[in-house]
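Structural characterization, general
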Number of protein chains: 2
Amino acid sequence: MERDESLKLENQTCFAIYACAKEITKLYHPVLKELGLTYTQYITMLALWERDRVSVKELGERLYLDSGTLTPLLKKLETQGFVSRIRDRSDERQLLIELTDAGRALKERAYDVPEKVFCQAGMPASELMKVRVQMTELMRAIHPVAAVAETTPD
Amino acid sequence: MERDESLKLENQTCFAIYACAKEITKLYHPVLKELGLTYTQYITMLALWERDRVSVKELGERLYLDSGTLTPLLKKLETQGFVSRIRDRSDERQLLIELTDAGRALKERAYDVPEKVFCQAGMPASELMKVRVQMTELMRAIHPVAAVAETTPD
DNA sequence: TTCAATTGAATTGCATACAATTAAATTGCG
DNA sequence: CGCAATTTAATTGTATGCAATTCAATTGAA
């Protein structure tokens, strides 16, 4: 690539992904508003609907979020009545996140969400799946980097 | 897709893109720190290196950011000495953003950035290009939606 | 057992993001 | 011209995100 081309905005994969991520979040906004959830709260609920009564640490690993983001977000979900935050009796350092009945009930109303957003996005499901596979591959390529670098022999 | 599968985190294209975007930003962080830029400031400088003396509105359209984000960010870049913020004499509503000499000089030091980040990401350039093309397509599919919906006949 | 090292969550500080509103400047219609 | 509608930034309020630090609980080695 030409020296100058390398710094053009339209040649930055990072920017394409960054901009896309933000637009997608905006697409979810009106749909999630009906459920009383923000986008980050929504993916947190998705994780919990699959498996709850988990520590903040485990939740953070599944969502790629740290306690700085999750602590206030989970307090908010607790205030809204969707989760309970309970200290683990056998290890008081850990905070277990459990769905409430209302939290579990919310799942019923969430089943429509993906389809509603799909309809807004004018893209066939097969294309979206391709994108997902590529993103997952890219994620695998970059996410463990830090950990690997640390264990590199010197 | 099975009813329950549709809400699984690993099946959400939105989550794959969202998580990827965040990890990529983290990859840039240490590299950009040497230049004294955050990620958002960096893409703003990329846009300005291509074309400066533009209004906040035009910059926002190219970066998909609004004045709520750009106003404080541009003030920061001004404080750092990389840009000047000048009211357009012929239309006082507009604020023109111009690179300073220091801002233009910074470009020289930025040429290394993409390669440095590539090296951290263990992915061939051809794969990254494929990702970029797909993201750009997806962006085209979803971004104009709102505008189109407004002009739909009733 | 004892205490230093580690672990997990919370906190702090800073930088986004964006919806909604506000305020100033400009435009365009009558 | 005169003023309502529009346009552009800035502001306000809320919600992330994350690096770095702190604090309490637990673990593990001597």
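As the structure is a computational prediction, the values presented were derived from the model and not from experiment.

About the criteria used
- Residues numbered from 1 in each chain as written.
- Chains lettered and ligands numbered in written order.
- Predicted model: local features only at pLDDT ≥ 70, side-chain atom pairs only at ≥ 80, totals over all residues.
- Heavy atoms only, no water.
- Pairing = 2+ DSSP bridges.
- Helix = DSSP H or I, 4+ residues; strand = E, 2+ residues; numbered from the N terminus.
- Contact = heavy atoms within 4.5 Å.
- Axes fitted to C-alpha atoms, helices over the stretch in contact; angles between N-to-C directions.
- Phe/Tyr/Trp six-rings, centres within 6.5 Å; stacked < 30°, edge-to-face > 60°.
- Buried < 20%, exposed > 50% of the residue type's maximum accessible area, 1.4 Å probe, protein only.
- Least-squares fit on C-alpha atoms with pLDDT ≥ 70 in both.
- Near = heavy atom within 4 Å.
- Polar contact = N/O pair within 3.5 Å; in protein donor to acceptor, adjacent residues only side chain to side chain.
- Nonpolar A, V, L, I, M, F, W, Y, C, P; charged D, E, K, R; others polar.
- Expected span 1.5 Å × (residues − 1).
- Salt bridge = Lys/Arg side-chain N within 4 Å of Asp/Glu carboxyl O.
- pLDDT = per-residue confidence, 0-100.

1. Focus: the sheet that holds strand 3 (residues 95–99) of chain A
Residue and element names in this part refer to chain A. Taken together, the three strands give an open sheet; going across it, the order is 1-3-2, and neighbouring strands pair in antiparallel fashion. This sheet does not close on itself; its edge strands, each paired only once, are strand 1 (54–55) and strand 2 (83–87). Pairing between strand 2 and strand 3: five bridges, direction antiparallel. Bridge pairing links Arg85 to Ile97 in strand 3. Here helix 4 (residues 67–79) sits on the sheet and contacts strand 2 and strand 3; the angle it forms with strand 2, its principal contact strand, is near 120 degrees.

2. Side note on the sheet that holds strand 2 (residues 83–87) of chain B
Residue and element names in this part refer to chain B. Reading across from one edge, 1-3-2 is the order of the three strands in this open sheet, with antiparallel pairing throughout. Here the strands that pair on one side only, and so sit at the sheet edges, are strand 1 (54–55) and strand 2. Contacts between helix 4 (residues 67–79) and the sheet are confined to strand 2 and strand 3 (95–99), with strand 2 contributing the most and set at about 120 degrees to the helix.

3. Describing the packing of aromatic side chains
Residues and elements named next belong to chain A. As enumerated under the stated definition, the model contains twelve aromatic pairs over all chains in all. Ring geometry for Tyr28 against Tyr39: centres 5.4 Å apart, planes inclined by 65 degrees, an arrangement best described as edge-to-face. Of the two residues, Tyr28 sits in helix 1 (residues 13–33) while Tyr39 sits in helix 2 (residues 39–50), which places them eleven residues apart along the sequence. Looking at Tyr28, the relative accessible area reads 6%, which means it is buried.

4. As for the relation of the copies chain B and chain A
One copy of the chain maps onto the second through a rotation around an axis plus a translation along that axis. Once chain B has been moved 0.0 Å along the axis and rotated by 180 degrees, it coincides with chain A to within an RMSD of 0.0 Å. Each copy turns onto its partner about a two-fold axis.

5. A few points about the protein's contact with DNA strand C
Near DNA strand C, the surroundings consist of 29 residues, among which Tyr18, Lys57 and Ser67 of chain A together with Thr38 and Lys76 of chain B are the closest. Considering DNA strand C, the proportion of its atoms within 4 Å of the protein that are sugar or phosphate atoms stands at 80%. With respect to DNA strand C, the side chain of Ser67 of chain A contributes an N or O atom lying 2.7 Å from a base nitrogen. For the surface near DNA strand C, the elements supplying multiple residues, two or more each, are helix 1, helix 3 (56–63), helix 4 and strand 2 of chain A together with helix 2 (39–50) and helix 4 of chain B. In terms of residue class, the surface near DNA strand C is built from six nonpolar, eleven polar and twelve charged.

6. Structural notes on the protein's contact with DNA strand D
Around DNA strand D, the surrounding shell holds 29 residues, and the nearest of these are Thr38 and Lys76 of chain A together with Tyr18, Lys57 and Ser67 of chain B. Here a phosphate oxygen of DNA strand D and a side-chain polar atom of Gln41 of chain A are 3.1 Å apart. Thr71 of chain B places a side-chain nitrogen or oxygen 2.8 Å from a phosphate oxygen of DNA strand D. Contributions of two or more residues to the surface near DNA strand D are made by helix 2 and helix 4 of chain A together with helix 1 (13–33), helix 3 (56–63), helix 4 and strand 2 of chain B.

7. Some thoughts on helix 2 of chain B
All names here are of chain B. For helix 2, which comprises twelve residues, the first-to-last C-alpha distance of 17 Å matches the rise-based estimate of 16 Å (1.5 Å per residue) to within 8%. Burial within helix 2 is extensive, with ten of its twelve residues counted as buried. Looking at helix 2, one finds that the buried residues are Tyr39, Gln41, Tyr42, Ile43, Thr44, Met45, Leu46, Ala47, Leu48 and Trp49.

8. Considerations on the pattern of salt bridges
All names here are of chain A. Here the structure, examined in full by the defined rule, presents 22 salt bridges over all chains. The partner of Lys8 in a salt bridge is Glu5, with the nearest N and O atoms 3.0 Å apart. The class for Lys8 is partly exposed, based on a relative accessible area of 27%. Residue class for Glu5 comes out partly exposed when judged on its relative accessible area of 27%. The salt bridge involving Lys116 is made with Glu34; its shortest N-O contact spans 3.6 Å. Taken as a pair, Lys116 in helix 6 (residues 113–120) and Glu34 in the loop between helix 1 and helix 2 lie far apart in primary sequence, 82 residues in all. A single network of salt bridges, built from pairs that share partners, joins Arg51, Glu58 and Arg62.

9. What about the confidence of the model for chain A?
Averaged over all residues, the pLDDT of chain A is 90; the fraction at 70 or higher stands at 92%. In the model, residues 145–154 of chain A has pLDDT below 50 throughout and makes one contact with residues more than four positions away in sequence or in other chains.

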